Amino acid sequence: MNSRNFFAELKRRKVYSVAVTYAVVGWLLIQVVTQVFPPFEIPNWAERLVILAIIIGFPVALVLGWLFDFTRHGIIRTADLSSDARIEVSPPADSREKSIAVLPFNDLSPAKDHDYFSDGIAEELLGALAKVDGLRVAARRSSFWFKDKEAELNEIASKLNVGLNEIASKLNVGHVLEGSVRRDGNRVRVMAELIDACDGFTLWSETYEREMHGIFALQDEITRSIVDALKLNLDISPPPASRSTEAYDAYLHGLFYSDKSTEDALRRSLEFFERALERDPKFSRAWTGIAKAWLWLADAYLPPLEAYPKVRDAAVRALQLNDEEAEAHVYLAESKRILDWDLDGAEAEFNRAVEIDPNSTPSNYFIAALYAARGDRDKALAYLQRTSKIDPASLWVSNFACELYRYFGLYDEAIAAGERALQLDPTFAHYGEPALAALYREIGRFDDAIALYKKAHDLTGRPGFGLAITYARMSRRKEALETLEGAIAGWGYRPGDAIAHVHVALGAYDDAIRDLERACEQRSSSLHSVGIAPEFVPLRSDKRFLSILKRIGIEPEKVFAATASRLLHNRVSSVAVGTHTVFV
């Protein structure tokens, strides 16, 4: 470590603050001793002894300041992270970096029935701009967070009670592209405007009218104009000549529905993707869309063994047509991880996806989860940092970040990410559970955890296993069992590892092992997280648990070592939690 990094590390670990605080308090104590001891005829040797103890304590305080942090959750060991792995939930934009967010375009069609088409045009432009060297593009989920809000950036700022600078900060970009699409029959009018998000000035605007058969050339024309306005070199691959406009229209329909979380919407997206392939069998992205739809149907609505073979088949077909489909590599990686427990093969596919598209949310998101499951702490956090920077306004990314930070004992970061997820979507209306609730449970805020779980239940109608775990941690066994029974009855597919979480909390370890064995048979997609999840720490000495981890490709010693700092935190701060504390 060079001197510059060393002093930066001293600052990060708050050693300077400890030194100043100790010096001030120590000086005050010495003044008190020298003033108070003589009137009470306390021997001089006692005065000297106190002063000597204060002096000797100074280096001890510095060492403790280096090793430990005092947080609102208790005393925790300072994480030994490299500067690359230190994470910010929403890293600030670099003013020297060219960056842009593409907002969803408004649908100005007469019947207002081409929302999918306006979204699709924006997404196509986003994808094209993402290939430009030197330009960082905010991911779709973050950009489309402004969906259904007024198109004018100033009006958005007014509705959100924030200024343009804060909008730029939210999306971590310096420029915003917005616009509108009006489609009337086979005629399309596209208006696009490029705005400097820092001062609100329009850098470029243009209106285009084309026939549908010229839509691909139009996308390239708009992209080139934007890049020219940003004064960048252009490197955009032209669209495949064989792609038909009918196939493209069906594909945009499928893409529109594949980004929704309901089973009906996902199945409808499959119909449109298949329709696109009927019109253009060589349309590789339609196969990628099919893989995506089956992936999100899996676990939530369908058993893994029913859905993931279809994920794999569609991903393979997409890559046979175009090996440069980054997302297809992601979905193939997931099928290898889940169906074959081939973690090395999955890692290779994820790395290929990141190589093709370094700014892809799915690529960075899934590889971060893989490295976390394998106990590669620094790699997991580094990819999480990239994901948070690419997609700062994504509910999914923030919720995921909260979960990973919790696994590694980074509770302040976890709370920031979890609360950000809640701000992005206060309703949290999706089939998952808020990771913030699990974090609240782990740090002893049981009432807050219960409130979040119940809110999610009220909105989704699907009882969560997390609430059952929370009741178990509070020694409310009857309520835990009743909630578990409701959760099992309320889900179509019931992953064995989710049920095992509850049984571990209840101390029913044999039942938990049985459920984990069933999860292996089911090929549960979340099974790989049990090695690092704090809920399963009580099973770590059980040979049966270790055998399961090795069977699914996890190295127990490596994974357990990755969470050592979290376990130390739990031991140090357990006294503050009270009678409900369970070491996890």
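A.B. asks: Talk me through the overall build of the protein chain; I want residue IDs and the actual numbers.
C.D. replies: Along its length, the protein chain carries 27 helices and 8 strands. Burial statistics for the protein chain: of 584 residues in total, 54% are counted as buried. Across the protein chain, every contact between residues at least 6 apart in sequence was considered, and the portion connecting residues at least 24 apart equals 63%. Surface summary for the protein chain: the accessible area is close to 26000 Å², and the carbon and sulfur share equals 53%.

A.B. asks: Just give me the short version of the packing of helix H15 (residues 361-374) against helix H17 (residues 395-407), but keep the residues and values in it.
C.D. replies: Viewed as axis vectors pointing N to C, H15 and H17 meet at an angle of 15°, and their least axial separation amounts to 11 Å. As far as their axial angle goes, H17 and H15 are roughly parallel. Where H15 crosses over H17, the two elements pack in a sense that is left-handed. Two secondary-structure elements touch here, H15 through Thr361, Tyr365, Ala368, Ala369 and Ala372 and H17 through Trp396, Val397, Phe400 and Leu404. Considered class by class, the residues forming the contact of H15 with H17 number 8 nonpolar, 1 polar and no charged.

A.B. asks: Describe the confidence of the model for the protein chain, with residues and values.
C.D. replies: Of all residues in the protein chain, 79% attain a pLDDT of 70 or more, and the chain-wide mean is 80. Here residues 80-96 scores under 50 on pLDDT; set against residues more than four positions off or in separate chains, the count is 37 contacts. Contacts of residues 568-584 to residues separated by more than four positions or lying in other chains number 28 contacts, the stretch itself having pLDDT below 50.

A.B. asks: Give me the pattern of salt bridges: which residues, what numbers.
C.D. replies: In total, this model carries 26 salt bridges according to the counting rule given. A salt bridge links Asp344 to Arg374; the shortest N-O distance between them is 3.0 Å. Of this pair, Asp344 sits in helix H14 (residues 343-356) while Arg374 sits in helix H15, and the two are 30 residues apart along the sequence. Judged by its relative accessible area of 15%, Arg374 falls in the buried class. With a shortest N-O distance of 2.8 Å, Arg445 and Asp448 are connected by a salt bridge. With a relative accessible area of 32%, Arg445 lands in the partly exposed category. Linked by salt bridges that have partners in common, Asp323, Glu324, Arg352 and Glu355 make up one network.

The rules behind the values
Residues numbered from 1 in each chain as written. Predicted model: local features only at pLDDT ≥ 70, side-chain atom pairs only at ≥ 80, totals over all residues. Heavy atoms only, no water. Helix = DSSP H or I, 4+ residues; strand = E, 2+ residues; numbered from the N terminus. Buried < 20%, exposed > 50% of the residue type's maximum accessible area, 1.4 Å probe, protein only. Contact = heavy atoms within 4.5 Å. Areas by Shrake-Rupley, 256 points an atom, 1.4 Å probe, with all protein chains shown as cover. Axes fitted to C-alpha atoms, helices over the stretch in contact; angles between N-to-C directions. Parallel < 35°, antiparallel > 145°, perpendicular 65-115°, else oblique. Left-handed = near helix turned anticlockwise from the far one by under 90°. Nonpolar A, V, L, I, M, F, W, Y, C, P; charged D, E, K, R; others polar. pLDDT = per-residue confidence, 0-100. Salt bridge = Lys/Arg side-chain N within 4 Å of Asp/Glu carboxyl O.

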